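For reference, the chains in residue letters:
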Amino acid sequence: MCGIVGIVGQEPVAARLVDALRRLEYRGYDSAGVATIHEGKLDRRRAEGKLFNLEKKLDGEQLPGLIGIAHTRWATHGVPNEANAHPHFVDGVAVVHNGIIENFSELKDELIADGAVFTSQTDTEVVAHLLAKYTREGLGHREAMLAMLNRVSGAYALVVMFEDDPGTILSARFGPPLAIGHGKGEMFLGSDAIALSPFTNEITYLVDGDVAIINHKGLEVMDYQGKPVTRKSQISQATAFMVDKGNHRHFMEKEIYEQPEIISHALGHYVDFASHTVKPTDKAIDFSKLSGLAISACGTAYLAGLVGKYWFERYARLPVEIDVASEFRYRELPLSPTQAALFISQSGETADTLASLRYSKDQGLKIGAIVNVRESTIARESDAIFPILAGPEIGVASTKAFTCQLAVLASLSIAAGRARGTVSEAEEKAMVKHLAEMPRIMSKVLNDIQPQIETLSRDLSRFKDVLYLGRGTSYPLAMEGALKLKEISYIHAEGYAAGELKHGPIALIDEHMPVIVIAPYDRFFEKTVSNMQEVAARGGKIIFITDEKGAAASKLETMATITLPNVDEIIAPMIFSLPIQLLAYHTAVFMGTDVDQPRNLAKSVTVE
Ligand code: M6R
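The structure displayed is predicted, hence computed values, not measured ones.

What follows is about the overall build of the protein chain. Each helix and strand counted, the protein chain has 18 helices and 26 strands in total. A principal-axis box enclosing the C-alpha atoms of the protein chain has dimensions of 80 × 50 × 45 Å. The buried share of the protein chain, reckoned over its 608 residues, is 60%. A separation threshold of at least 6 residues defines the contact pool for the protein chain, and within that pool the share at least 24 residues apart is 71%. A total accessible area of about 22,900 Å² is found for the protein chain, and carbon and sulfur atoms account for 50% of it. Each charge class in the protein chain was averaged separately, 61 positive and 76 negative side chains, and the resulting centres sit 4 Å apart.

Here it is in structure tokens:
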């Protein structure tokens, strides 16, 4: 989603604003812009496409000024062109915005009737017009800001400069995040702390309903009525090195190869590698007393939750209600305070997941957040935080966050099983031992399968449609494999429960549709092989992802068989994630797509 930065500086700001925007590139965007005030005049440069287009403009026509705001836009209202790029200017007011102004259409009609002339198709421009109108009518800047905020509805982070006050930036948050950075004689604001990491690590996070004003004196926060509120600053762990690709071609590749190291770090938080026991979990959620769990998330995080459902139900005998957050939030699902709810989100800012969290909180449930960004809104609104400790994930396609989410869910389900007496001490030890072996096995698998997957990906890149099949925990993995492939290679892919094949998708099987079957040699193996036979009988091309026992047991002819080591079922979903990630990655590289920032996608989806 859109990225926002602002600086009230003592040195020229344009280059620093663009540098900070670069750190927000991972959020996804399709145009960018920067505005400053210099010698009492607002000026801006905007460009369609990637940041280098904006930099080219700034090279040609420099933008002096000690105060400025900047933006990367992920189009919602209006095509991604220069006219729709932010900042939007109206009569000495400059505005950048992340989110959606839901009532923009009625406001626009009203403003047009009043004589306003719009120059973009965006919802954002109504904000600039409202502010201009209120200042024309005699309101001061902060009063105009409050009046505007009391007219707009929706989800937004808004940042504003007034040409006649070149020392102040005003902002407001209702939905998408905003972080304020405290520097030495300078103040900053950004969509997250990573954007501000080269400037300062002292950060104040705004909460919904906050209006913040920064100037050389510091930060002032108030509510929408103008009543002062206190927000404490904290020292952020975000650092500038986080945007380094190292020796890798893409962040996604780097993030795939980081998994063995990162997952061991994440596991260390939840299990004791010496005693092979799970560590006590946050007391805010007492698994022993729960009647059930509700889990909600979006995209890849949802699919991690689906694997978690299998684990919680099997090991802790805890019934799990799970849904994608965009449905969960509106289903009017009857929940009970005897249940707890877990929300899984890499960013911790996903709008639908946050809304589902708030719905569950209102029903009296204890809330657990499985998040990567500990300072995120979802984390801050939860009773218990279960960090996944994956480090910043920059590639839009989630990889290491997924396997770390799985590692956390596996550990929590064992802990829940122990608390509920459904997992014995011996079973706990055995499962934790398997988890402890996982980083080593991941390293080996990544090295061993890479050449085969690269060759196979060249073949896969020639197809238009792909079907993924799996059973048990391999079913969510099949959906994750399909999601990964479609989002970065743009090949149409679907993930199905293998048993559902004959209820519909079998009609699609022919030699033009490879079927990727995920089947470790587990209790479902024979049944999945029967489904593979149904595919083979119809001329389908099978890519078989299995383990050594599975490869030995299956006699079917395949287009390729990717053989992984035999592993225990508690770690199989993490190990089997690796070939599906690499397959998507190399296929996308062959297709020549923008692997780290695939078209139309955003890393952090802060609107509905
Ligand atoms: O930040 P979140 O984990 O809440 O994001 C959820 C989804 O938007 C995300 O997993 C998305 O599906 C990824 N692009 C998948 O690779």
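Turning our attention to the side chain of S489. Its place among the elements puts S489 in helix α15 (residues 474-489). Within the local environment of S489, its side chain forms a polar contact with the backbone oxygen of L485, the two atoms lying 2.6 Å apart. Within the structure, the side chain of S489 is placed 3.2 Å from the backbone nitrogen of I491, a separation counted as a polar contact. Those residues in contact with S489 that lie beyond four places of it in its chain are T587, A588, M591 and T593.

Time to look at unusual backbone geometry. Of note, the amide linkage connecting H86 to P87 takes the cis form, showing an omega dihedral of 0 degrees. Mapped onto the fold, P87 is located in the loop between β4 (67-73) and β5 (88-90). The phi dihedral of E39 falls on the positive side, at around 50 degrees, and the residue is not glycine. Positionally, E39 belongs in the loop between β2 (31-38) and β3 (41-48). Unusually for a residue other than glycine, E332 sits at a positive phi of about 55 degrees.

So, about the site of the ligand. Around the ligand lies a shell of 13 residues, among which S345, Q346, S347, T350 and E487 are the nearest. Contact between the ligand and S347: an oxygen atom at 2.7 Å from a side-chain N or O atom of the residue. Between an oxygen atom of the ligand and a side-chain N or O atom of E487, the distance comes to 2.3 Å. Surface burial for the ligand is 91%, taken as the share of its 410 Å² of free accessible area covered by protein chains. With 3 residues, helix α9 (residues 299-315) is the single largest residue contributor to the shell around the ligand. Taken together, the residues that form the shell around the ligand break down as 4 nonpolar, 7 polar and 2 charged.

A few words on the pattern of salt bridges. Charged atoms that come close allow side chains of opposite charge to pair. Summed over all chains, the structure comprises 33 salt bridges. Note that D352 and R329 form a salt bridge whose closest N and O atoms lie 2.6 Å from each other. Of this pair, D352 sits in helix α11 (residues 351-362) while R329 sits in the loop between α10 (325-328) and β19 (339-345); the two residues are 23 residues apart in sequence, bridging distant segments of the chain. Assigned by exposure class, D352 and R329 land together as buried.

Right, let's talk about the UniProt feature "domain: SIS" (unreviewed entry) in the protein chain for a bit. The residues that UniProt annotates with the feature "domain: SIS" (unreviewed entry) are residues 281-422 and 456-598. Within the segment residues 456-598, helix and strand shares are 42% and 20% respectively, and the terminal C-alpha atoms sit 22 Å apart.

This part is about the sheet that holds strand β26 (residues 560-564). Sheet strands pair via backbone hydrogen bonds, and the direction of the pair is either parallel or antiparallel. Strand order across the open sheet formed by 5 strands is β23-β22-β24-β25-β26, with parallel pairing between neighbours. The open sheet has two edge strands with one neighbour each: β23 (492-497) and β26. Pairs of neighbouring strands in the sheet enclose a mean axial angle of 15 degrees, with direction left out of account. Summarising the sheet, strand β22 (residues 465-470) and β23 pair through 6 bridges and their orientation is parallel. Following the sheet pairing, G470 is matched in β23 by A497. Taken strand by strand, α15 contacts β22, β23 and β24 (514-518), and its axis lies near 175 degrees from that of β23.

In this section: the packing of helix α8 (residues 259-270) against helix α14 (residues 425-460). Two elements in contact, α8 and α14, have axes separated by 8 Å at closest approach and are oriented at 170 degrees. In terms of orientation, α8 and α14 fall into the roughly antiparallel class. Contact with α8, carried on its side by Q259, P260, I263, S264 and L267, involves L435, M438, P439, M442, S443 and L446 of α14 and no other residues of that element. Residues that form the contact of α8 with α14 fall into these classes: 8 nonpolar, 3 polar and no charged.

This paragraph deals with the nonpolar core. Considering soluble globular proteins, one finds that nonpolar side chains tend to be buried as a cluster. Formed by 94 residues in total, the largest nonpolar core has its most connected members in F312, L435, M438 and I575. Of all hydrophobic cores here, the second largest spans 32 residues; its members include V95, A128, L130 and A172.

What follows is about the packing of aromatic side chains. How two aromatic rings sit relative to each other is set out by the distance from centre to centre and by the angle between their planes. All told, the structure shown has 8 aromatic pairs when counted by the stated rule. The interplanar angle of 15 degrees and the centroid separation of 4.8 Å between the aromatic rings of F188 and F199 together place this pair among those described as stacked. One end of the pair, F188, is in strand β10 (residues 187-190); the other, F199, is in the loop between α6 (193-196) and β11 (202-205), and 11 residues separate them in sequence. Using a relative accessible area of 2% as the deciding quantity, one classes F188 as buried. Pairing F287 with F312 gives two aromatic rings, centres 6.1 Å apart and planes at 20 degrees, and the pair type is stacked.

What UniProt calls "active site" (unreviewed entry) maps, in this numbering, to C2 and K603. A maximum C-alpha distance of 9.7 Å among these annotated residues, which run over 602 residues, shows that they cluster at one spot. Relative to the elements of secondary structure, C2 occurs in the segment before β1 (3-8). A relative accessible area of 7% means that C2 is categorised as buried. When you line up the elements, K603 lands in the segment after α18 (572-591).

About the thresholds
- Residues numbered from 1 in each chain as written.
- Predicted model: local features only at pLDDT ≥ 70, side-chain atom pairs only at ≥ 80, totals over all residues.
- Heavy atoms only, no water.
- Helix = DSSP H or I, 4+ residues; strand = E, 2+ residues; numbered from the N terminus.
- Buried < 20%, exposed > 50% of the residue type's maximum accessible area, 1.4 Å probe, protein only.
- Contact = heavy atoms within 4.5 Å.
- Areas by Shrake-Rupley, 256 points an atom, 1.4 Å probe, with all protein chains shown as cover.
- Lys, Arg positive; Asp, Glu negative; His and termini not counted.
- Charge placed at Lys NZ, Arg CZ, Asp CG, Glu CD.
- Polar contact = N/O pair within 3.5 Å; in protein donor to acceptor, adjacent residues only side chain to side chain.
- Near = heavy atom within 4 Å.
- Nonpolar A, V, L, I, M, F, W, Y, C, P; charged D, E, K, R; others polar.
- Salt bridge = Lys/Arg side-chain N within 4 Å of Asp/Glu carboxyl O.
- UniProt positions renumbered as here; feature names shortened; annotations may be inferred.
- Pairing = 2+ DSSP bridges.
- Axes fitted to C-alpha atoms, helices over the stretch in contact; angles between N-to-C directions.
- Parallel < 35°, antiparallel > 145°, perpendicular 65-115°, else oblique.
- Core = buried A, V, L, I, M, F, W, Y, C linked by side-chain atoms within 4.5 Å.
- Phe/Tyr/Trp six-rings, centres within 6.5 Å; stacked < 30°, edge-to-face > 60°.

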